[in-house]
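Architecture and fold: a report
Below, each chain spelled out in residue letters.
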Amino acid sequence: MDNFLWLNQIQPRDRLQVGEKAFHLSHLAQRGYPVIPGFAIEASVLRDFLEKIDWFDPLFADLPNSSLHLDVDNPRQLQLVARAIRQEITTATLPTEWKTALASFSAGIEASALILRPSLALPSETGVTSDLKISGLLEAHVCDRNEEALAAAIKRVWAELFRARSLLYWRRNGIQIQHINLAILVQPLYNSLAAGLVQASPNLWEIQATCGLGMALIKGEVLPDYYQVQPESGTVLMQQLGVKTLAYNLKELPSWQGIESKNGLSSPLQTYSLGEEQQQLYALEEKYLKQLIRLAQQLTDEIGPAFTVEWTLTAKGSESSAAELYITQVRSAQEMGSMESTSLAFDSGEQGRQADNETSRQAVEESILTQHSFLTTHSSPNAQSISSSQEPSVAHPLRGIGAAGGRAIAPAQAIASFSHNPEITSTGRVLVVKTFHPDWLPLLKHAAGVVAEQGGMTCHAAIIARELGIPAVVGVRDATQSIQSDEFVLVDGDRGEIYLLGKERTAFPSIIREKGEWSMEPSVSGTGHTEVGKPFIYNPQHPISRVLHNTPELPDAQLPIANTQGLMPNIQLPITATTSPIVATQLLVNLSQPSTIERAASLPVDGVGLLRSELMMLEVLQGQHPGRWLTSGRKQELVELMAQTICQFAAAFAPRPVFYRSLDWRSHEFQSLAPSFPSEVNPMLGMRGTFSYLQDPSLFDVELSALVKVYQSGYTNVNLLLPFVRTVEEFSFCRSRVEQAGLLHQSHFQLWIMAEVPSILFLLPDYIKAGCMGISIGTNDLTQLLLGVDRDRAEMAIGFDERHPAVMEAIAQLIRTAKQEGIPCSICGQAPAKYPELIDRLVEWGISSISVSLDAVERTYTCIARAEQRLLLEAARSQKSKVKSQKKGRRD
Ligand SMILES: Nc1ncnc2c1ncn2[C@@H]1O[C@H](COP(=O)(O)OP(=O)(O)OP(=O)(O)O)[C@@H](O)[C@H]1O
Ligand SMILES: CC(=O)C(=O)O
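In this text, all values refer to a predicted model and were calculated from it rather than measured experimentally. (Residues numbered from 1 in each chain as written. Chains lettered and ligands numbered in written order. Predicted model: local features only at pLDDT ≥ 70, side-chain atom pairs only at ≥ 80, totals over all residues. Heavy atoms only, no water.)

**A look at the overall build of the protein**
Summing up its helical and strand segments, the protein has 30 helices and 31 strands in all. For the protein, with 892 residues in total, the buried portion stands at 59%. (Helix = DSSP H or I, 4+ residues; strand = E, 2+ residues; numbered from the N terminus. Buried < 20%, exposed > 50% of the residue type's maximum accessible area, 1.4 Å probe, protein only.)

**A closer look at the site of ligand 2**
Taken together, the residues surrounding ligand 2 are Leu 610, Arg 612, Arg 661, Met 754, Glu 756, Gly 778, Thr 779, Asn 780, Asp 781, Arg 791, Cys 828 and Gly 829. A distance of 2.8 Å separates an oxygen atom of ligand 2 from a polar side-chain atom of Arg 661. At 3.5 Å, a backbone N or O of Gly 778 approaches an oxygen atom of ligand 2. In isolation ligand 2 has 210 Å² of accessible area, and contact with the protein removes 98% of it. Of all the elements in the fold, those that place two or more residues in the shell around ligand 2 are strand E25 (608-612) and helix H26 (779-787). At three residues, the largest contribution of residues to the shell around ligand 2 is made by H26. Among the residues making up the shell around ligand 2, the classes are represented as three nonpolar, four polar and five charged. (Near = heavy atom within 4 Å. Polar contact = N/O pair within 3.5 Å; in protein donor to acceptor, adjacent residues only side chain to side chain. Areas by Shrake-Rupley, 256 points an atom, 1.4 Å probe, with all protein chains shown as cover. Nonpolar A, V, L, I, M, F, W, Y, C, P; charged D, E, K, R; others polar.)

**Some words on the sheet that holds strand E16 (residues 407-415)**
Strands in a sheet are paired, the pairing made by backbone hydrogen bonds, and the direction either parallel or antiparallel. Judged by pairing direction, the sheet is mixed, and its eight strands sit side by side in the order E14-E21-E20-E16-E17-E18-E19-E15 without closing on themselves. Single-partner strands in this sheet number two, and they are strand E14 (398-399) and strand E15 (401-404). Note that strand E17 (residues 430-433) and strand E18 (residues 449-452) share four bridges and pair parallel. Paired with Val 433 across the strands is Ala 452, a residue of E18. Each of E15, E18 and strand E19 (472-474) touches helix H15 (residues 460-468); the most contacted strand, E15, lies at about 50° to it. (Pairing = 2+ DSSP bridges. Contact = heavy atoms within 4.5 Å. Axes fitted to C-alpha atoms, helices over the stretch in contact; angles between N-to-C directions.)

**Observations concerning the site of ligand 1**
Around ligand 1 lies a shell of 20 residues, among which Lys 21, Arg 117, Ser 135, Gly 136 and Glu 310 are the nearest. Between ligand 1 and Thr 328 there is a distance of 2.8 Å, counted from an oxygen atom to a side-chain nitrogen or oxygen. Relative to its free-state accessible area of 610 Å², ligand 1 is covered by the protein chains to the extent of 94%. At the level of elements, strand E3 (113-121), strand E5 (181-188), helix H7 (215-218), strand E12 (307-314) and strand E13 (324-332) are the ones that each hand at least two residues to the shell around ligand 1. At three residues, the largest contribution of residues to the shell around ligand 1 is made by E13. Broken down by class, the residue content of the shell around ligand 1 amounts to eight nonpolar, eight polar and four charged.

**With respect to the environment of Val 474**
Within the secondary structure, Val 474 is located in strand E19. Considering only alpha carbons, one finds Val 474 and Glu 453, 21 residues apart in sequence, at a separation of 5.8 Å. Residues contacting Val 474, with those up to four places away along its chain left out, are Gly 400, Ile 401, Ala 403, Ala 452, Gln 454, Gly 455, Gly 456 and Cys 459.

**A few points about the packing of aromatic side chains**
The full count for this structure, using the stated rule, is 13 aromatic pairs. For the ring pair Phe 4 and Phe 105, a centre distance of 5.4 Å and an interplane angle of 80° mean the geometry is edge-to-face. Here Phe 105 lies in helix H4 (residues 96-107) and Phe 4 lies in strand E1 (residues 4-6), a separation of 101 residues in the sequence. The burial state of Phe 4 is the same as that of Phe 105; both residues are buried. Ring-pair connections join several aromatic residues into one group, and the members of that group are Phe 4, Trp 6, Phe 39 and Phe 105. When the ring centre of Trp 629 is taken as origin, the NZ or CZ atom of Arg 634, which lies over that ring, is 4.0 Å away. (Phe/Tyr/Trp six-rings, centres within 6.5 Å; stacked < 30°, edge-to-face > 60°. Lys NZ or Arg CZ within 6 Å of the ring centre and 35° of its normal.)

**Some remarks on the sheet that holds E13**
Strand order in the open sheet formed by six strands is E9-E8-E7-E6-E12-E13, and the pairing between neighbours is antiparallel. In this open sheet, the two strands that pair with only one neighbour each are strand E9 (236-240) and E13. Neighbour-to-neighbour, the strand axes of the sheet open up by a mean angle of 15°, direction not taken into account. Alignment of strand E7 (residues 205-211) against strand E8 (residues 225-229), held across five bridges, turns out to be antiparallel. Looking at the pairing, Ile 207 lines up with Tyr 227 of E8.

**Thoughts on the environment of Tyr 835**
By the element assignment, Tyr 835 lies in the loop between helix H28 (831-834) and helix H29 (838-845). Along the backbone, Tyr 835 and Glu 802 are 33 residues apart, and their C-alpha atoms lie at a distance of 8.5 Å. For Tyr 835, the residues in contact, after removing those within four places along its chain, are Asp 801, Glu 802 and Arg 803.

**Concerning the nonpolar core**
For soluble globular proteins, the rule of thumb is that nonpolar side chains tend to be buried together. Counting residues in each nonpolar core, the largest one holds 114 residues, and the members touching the most others are Phe 653, Leu 720, Leu 722 and Ile 775. Shared between two domains, this core takes at least three residues from each, and those domains are domain 3 (398-553) and domain 4 (586-874). Not counting residues up to four positions away in its chain, the partners in contact with Phe 653 are Val 589, Leu 591, Ile 597, Ala 600, Ala 601, Val 605, Gly 607, Val 608, Val 658 and Asn 717. Leu 94, Leu 150, Leu 161 and Val 186 belong to the second-largest nonpolar core, a separate cluster that totals 53 residues. (Core = buried A, V, L, I, M, F, W, Y, C linked by side-chain atoms within 4.5 Å. Domains from an automatic or database assignment.)

**Looking at the packing of helix H27 (residues 805-821) against H29**
Between two packed helices, what matters for the description is the angle formed by their axes and the separation of those axes. Contact geometry of H27 with H29 gives a least axis separation of 10 Å together with a crossing angle of 25°. Taken together, the axis directions place H27 and H29 in an arrangement best described as roughly parallel. As for the relative orientation of H27 and H29, their crossing is right-handed in sense. Each of Met 808, Ile 811, Ala 812, Ile 815 and Lys 819 in H27 lies in contact with H29, whose residues at this interface are Leu 838, Arg 841, Leu 842 and Trp 845. Among the residues making up the contact of H27 with H29, the classes are represented as seven nonpolar, no polar and two charged. (Parallel < 35°, antiparallel > 145°, perpendicular 65-115°, else oblique. Left-handed = near helix turned anticlockwise from the far one by under 90°.)

**Describing helix H1 (residues 15-30)**
Under the 1.5 Å per step criterion, the end-to-end length of H1 is only 14 Å for 16 residues, more than 12% shorter than the ideal 22 Å. The sharpest bend along H1 reaches about 80° and sits at Lys 21. Within H1 the residues assigned to the buried category are Arg 15, Val 18, Gly 19, Glu 20, Lys 21, Ala 22, Phe 23, His 24, Leu 25, Ser 26 and Leu 28. Just beyond H1, the residue with positive phi is Gly 32, at close to 90°. (Expected span 1.5 Å × (residues − 1). Bend = angle between axes of the 7 residues up to and from the residue.)

**What to know about the confidence of the model for the protein**
Of the residues in the protein, 77% have a pLDDT of 70 or more, and the chain-wide mean is 79. A low-confidence stretch, residues 336-395 stays under pLDDT 50, and its non-local contacts, those more than four residues away or across chains, total 155 contacts. Contacts of residues 506-580 to residues separated by more than four positions or lying in other chains number 194 contacts, the stretch itself having pLDDT below 50. Across the interfaces of the predicted complex, the ipTM metric reaches 0.84, alongside a pTM of 0.53. (pLDDT = per-residue confidence, 0-100.)

**Topic: the packing of helix H21 (residues 635-653) against helix H23 (residues 698-712)**
Where H21 contacts H23, the axes come no closer than 8 Å and their chain directions differ by 50°. On the basis of their axis angle, the class for H21 and H23 is oblique. As for the relative orientation of H21 and H23, their crossing is right-handed in sense. Taking contact as the criterion, the partners of Lys 635, Gln 636, Leu 638, Val 639, Glu 640, Met 642, Ala 643, Ile 646, Cys 647 and Ala 650 in H21 are, on H23, Val 702, Glu 703, Ser 705, Ala 706, Leu 707, Lys 709 and Val 710. For the contact of H21 with H23, the class distribution of residues is eleven nonpolar, two polar and four charged.

Structural data, given as structure tokens:
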């Protein structure tokens, strides 16, 4: 076919048909630079294909020629349309003559796997220049080199154009879909020893490198090794080892992590964990680093001093000596949005038009940045201006696990060692700690953010930060040494990054928080971009602007979510009764702090699915171990205080249910209470949950007395959830005490258990026989125990994945059994908030309710609504096609 072109055949006139990526690479290849050979499927092929589709939905039949009339402020409609179009594209068949041509072209590639990369061109009708930053918007797909897999992957790349986020992007930027040229660059994919990028600016080059293929870097799953290089001499000025815990490579070993593609074809890619030893090594051996620097020097001569180049060090054989360095992508300074942009030498034909359109280009760039960015870290538009700025610390943040979303700039308060009442200079600081002690809860309430060296997504600091709505980054190596008190830091809880901004508070605005709402304070001097009460205005020249306004890439599932902290000029979708459909799956919220009740109760949630008593109690206990309250004759006082606190939740949510979970002390987390809990070698498996009640039921009895008081006060919406139940006998023991307390006689009272110890997978019917009225799946502990991974160890975070097939199967089985047995099944672990895409499956399997942290309520609501609508749509579609085939049968 004449609309497939090998890279070495591409001419300047083909640029609009083959897209920018293929065009620039072809230019370099033809100039003798190392580029992996490949061929481009021109944009006209997609146009033909769209015209050939026999659209099930007549609305889309004119897609190749007309504009879609989308209401982008209606995210549900957007998602449904996007899904419907993609489905039709991926299920349509490619004409036979195309398949034949593809087979002959791919036969010219010697590799078992192929990578299909979107290559876009935006012709002049779009009103923007071809260097509009679309990096990261459309994803590449990888497939085996066989006819069927290739055809499927081509359709998946085309379908990328119609993802909701993509449709939104074009629409928001006034670009009509029919004007977009989407070509595909097909290249062989070989295993890689390392991959990364070089960001070149006139004064400095920055190199990032990771192990294996480049996907780990693109997806932000590793912190790459980092080098700064002096351009003229090629001297390495500094280098820093990254945190590379995983890598991507071609599948050789069977692995559950082999990524399944959505149409059931398996992907040839897999991720694997890097061992401790390997993590201590730089991904790039010195000889290859030198080679890369030489390559960058040649490129400077060829295309000017400012560019970004992605590279890969392929290893076709097993010997590292056989490795070859290739360029996989090159972007000009303009594409990076550089302030000192320099035209690429090969931009000849288009330069005039680009200059004409400079103003609109900048406008579009700004609107992208201030609305919604799809840029991944590596391709940040101002990477260049950061690297050449005077603020190296801004360019090179500390990194950890983003445990609570949002961003804040504030002075740090480093607390290196434990004390009950650390001296805090003022409120509104970012607390920087080794590990967060529950004693410090009052500090957290007045903090702007938290950074911890230890802990994972489910540690106390993370849970409370999510509830309070402040950003948190945990697992940050040496944070207390790297960050000094009084130094200004920007904590980015979405990306898991901390930027050190120095001690002078001059050229950036402060973010202040009042009543849970964030707003900008005017900058003291410098840029003067803000006024009180006005949103911060993006200034592309300031690195901080980039960080503040670059939201991380959102998966489709997260697209229509309002930013609860009001920091980002993002798409706002308030979930109010007037704009939202009623969903059948209940949406509940996880709480622990009375200070958040008002905010939570005003949301359209169906109740509190998990009231974490340990964290709720912290303030009540005033630093004293609960046992001490009992031994010092203050039991009644404790009962009163607890009842009062629970009543606050009950009153705010009534008549909506509140599931109070009785105490689940994990001794290591509460060492600061006096006297401290006996320390345990293995506290996650220690004296916690209902087992501890059997040993000494006195505290459980206090809780029951408090619940009785709540009922006596007239609040009948409170139920009891038992934590970490290991055996049916433990449950029966607790149930009989609940009965003795008189709670089971209350008509509305429900006694549930957490489903988090894996034995429940085998014993649920027995628990139900013993009187359990419902379950709530605790995915944090269930995952920890099923996979044998400590959930609080930041270094093990990579192994803690709730999407593991074993965990998914366990959840499915629990929902199934609960349904069969006729009891409700909820889920209150972090999984649905962390991976919103799981909600589709939970709803499909028939979960009764989903309980999430406060920060995830809005997006969870949207995901539930979407999942339910999808089920309805699928049911309607299958009904329609049944009727269609029945009619056809009758006609035949
Ligand atoms: N033939 C190849 N062999 C090995 N790695 C490749 C090859 N082609 C691309 N890659 C790497 O795969 C990743 C994904 O490529 P993709 O084209 O989607 O991203 P990209 O180059 O950042 O483009 P964009 O800016 O359009 O998002 C990148 O890290 C890229 O360097
Ligand atoms: C919520 C909880 O306790 C868990 O997921 O384990």
